[in-house]
Amino acid sequence: MKFESQVIHAGDRKRNRPGAVPSTTPIHLSSTYFYERAETLDRIFGHEEEGFSYSRYANPTNDALEELATVLENGHGALATASGMTALQLAFQAALIDRPHKIVSSGSIYGATIKLLDQVLGGFGVDVTYVDMCDLEAVERVIAREQPGCVFMESISNPLVRVGQIDKIAELARAAGAAFIVDSTFSTPMILRPLDLGAHIVVHSATKYLAGHGDVLGGLIISDEQHHESVRSLSRIVGGSLGPFESYLTMRGIKTLAVRFERQCQNARKLAECLANHPCVERVYYCSDPRHPDAAAIQRLFRPGMFGAILSFEIRDADRAAVMAFMNRLKLVVPGSSLGDVHTLLLYPVMASHRDISPKMRERMGIRENLVRVAAGIEAVDDIMADLDAALRGSM
Ligand SMILES: *Cc1c(COP(=O)(O)O)cnc(C)c1O
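Residues numbered from 1 in each chain as written. Predicted model: local features only at pLDDT ≥ 70, side-chain atom pairs only at ≥ 80, totals over all residues. Heavy atoms only, no water.

Examining the sheet that holds strand E4 (residues 150–154)
Stated formally: Two strands qualify as a pair provided DSSP detects at least 2 bridges between them. Here a helix means four or more residues in a row that DSSP labels H or I, a strand means two or more in a row labelled E, and each is numbered from the N terminus. Helix axes use the C-alpha atoms of the stretch in contact, all axes being lines fitted to C-alpha atoms, and the angles between their N-to-C directions lie in the range 0 to 180 degrees. Residue contacts follow a heavy-atom distance rule, with two residues in contact if any of their heavy atoms lie within 4.5 Å.
Read across the sheet, seven strands follow the order E1-E7-E6-E5-E4-E2-E3 without closing on themselves; strand pairing throughout is mixed. Lying at the two open borders of the sheet, with one neighbouring strand each, are strand E1 (77–81) and strand E3 (127–131). Neighbour to neighbour, the strand axes of the sheet diverge by 20° on average, direction disregarded. Inspection of the sheet shows strand E5 (residues 179–183) paired to strand E6 (residues 201–205) by three bridges, in the parallel sense. Across the sheet, residue Asp183 finds its bridge partner in E6, namely Val203. Lying over the sheet, helix H3 (residues 60–73) contacts E1, E6 and strand E7 (219–223), oriented at roughly 125° with respect to E1.

Printed below as a string of structure tokens:
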């Protein structure tokens, strides 16, 4: 089945229960399950038979979403979690069971993930080393030196949309015996599938493209067999699973992922082209740019013709106050700090995602005071561009 059909059919309409088959999976709010005979529950608790017993262990609505996510990412199994951050925490913990408590991570990752690594895991003695994942020689050197238990990166970096060679890094991580985790939130399984490229675990903030409508906070962990068992065992103990209502909304969202994301990528590409020629714009960062520093990796790893729906651009001669004034002039574009929604969102990294990073460090990361990030929605692209244009020209 093609991706466009999988998003609609996988996980749903299960026929293994007696009676009528609901055409969409219901929201099962029950916390506990029992059976005609106590012996059945006994076998389920004893792992001799599959079945539902308690919703922290498994829930039929979550089960359907997890089956869908497993199919889309070509994994062995999935776990739906209460947020993307919960997914990351469980993934790191599962990866480090029986491995050295050392992580080699990309330096350009989601801000809260840096805090999770440094403050939460670091506080429990996990040693974290950051490296530029787009510099393969540096990655090789650092992995050889650190001998980490886990290697981590994002499929498309934020906000400068850099793309590392996931398949080559997977080889390096595997050769060192490390678990390789990829946060694929920005690419979605429509652009690339990290498990097919050699990752052990792929993580999503389902809050973004998968749920897609700005009304769900959720995460997903999809893993190979070995790591899925570890993730499940951990979550049986600590919980952190997604609520069934949010699971339902996420599954409903995923049904339109293929059409939404295709439109979002098209819109982003057109916006990138228009903004590149705009008198108020100094520079545009987008993955379709033939001069993109990772053009070869993008060409090799991405689904042809799709370059993601995130672009960033620098406003000519704008300081912090000028960027704020630009944001205040937006009428259609939502100046909110998320991405992946049906409406176009604009984020100012210096104010939001990269606020806690020193100006000097930000400069070194290439995140300037005049940089804004756009997450293209599915509106008519002319309306989005007209809104950006009016807001940009407002100060001219
Ligand atoms: C939003 C995001 C997260 C965190 O997800 P939440 O659902 O907000 O917990 C992690 N990684 C990336 C790349 C994100 O964009």
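Looking at the side chain of Thr81
Our working rule: What qualifies as a polar contact is a pair of N or O atoms within 3.5 Å, subject to a donor-acceptor requirement within protein and to the restriction that residues adjacent in sequence count only when both atoms come from side chains.
Within the element layout of this structure, Thr81 appears in strand E1. A distance of 2.9 Å separates the side chain of Thr81 from the backbone oxygen of Ser83, its partner in a polar contact. Residues in contact with Thr81, not counting those within four places in the same chain, are Thr86, Ala87, Leu90, Gly218, Gly219, Leu220, Ile221, Gly240, Ser241 and Leu242.

As for the pattern of salt bridges
We apply this condition: Here a salt bridge means any side-chain nitrogen of Lys or Arg lying within 4 Å of a carboxyl oxygen belonging to Asp or Glu. Partly exposed describes any residue whose relative accessible area lies between the buried limit of under 20% and the exposed limit of over 50%, with all areas from a 1.4 Å probe on protein chains only and scaled to the type maximum.
Counting across every chain of the model gives 18 salt bridges. Between Lys255 and Asp12 there is a salt bridge, with its nearest N and O atoms 2.4 Å apart. Within this pair, whereas Lys255 is found in helix H10 (residues 244–255), its partner Asp12 is found in the loop between helix H1 (3–9) and helix H2 (38–45), the two being separated by 243 residues in sequence. According to the relative accessible area criterion, Asp12 is buried, its value standing at 7%. Across the salt bridge formed by Arg269 and Glu273, the nearest N and O atoms sit 3.9 Å from each other. A residue pair is termed a helical-turn pair when its members lie 3 or 4 positions apart in one helix, as Arg269 and Glu273 do in helix H11 (residues 257–276) at four residues. Judged by its relative accessible area of 33%, Arg269 falls in the partly exposed class.

A look at the site of the ligand
Note the threshold: Throughout, near means a residue has at least one heavy atom within 4 Å of the molecule or strand.
What surrounds the ligand is a group of 15 residues, the closest being Gly84, Asp183, Ser205, Thr207 and Lys208. A distance of 2.9 Å separates an oxygen atom of the ligand from a polar atom in the backbone of Met85. A distance of 2.8 Å is found between an oxygen atom of the ligand and a side-chain nitrogen or oxygen belonging to Lys208. No other element matches the three residues that helix H4 (residues 84–96) contributes to the shell around the ligand.

Some details on unusual backbone geometry
In the segment running from Asn158 into Pro159, the intervening peptide bond is cis, with an omega of 0°. Assignment of secondary structure puts Pro159 in the loop between E4 and helix H7 (166–175). Although it is not a glycine, Arg13 sits at a positive phi angle of roughly 55°. Within the secondary structure layout, Arg13 lies in the loop between H1 and H2. Given the relative accessible area of 24%, Arg13 is considered partly exposed. With a phi close to 60°, His47 is a non-glycine residue in the positive phi region. Given the relative accessible area of 59%, His47 is considered exposed.

Note that every value here comes from positions in space, so none of it alone points to a role or purpose.
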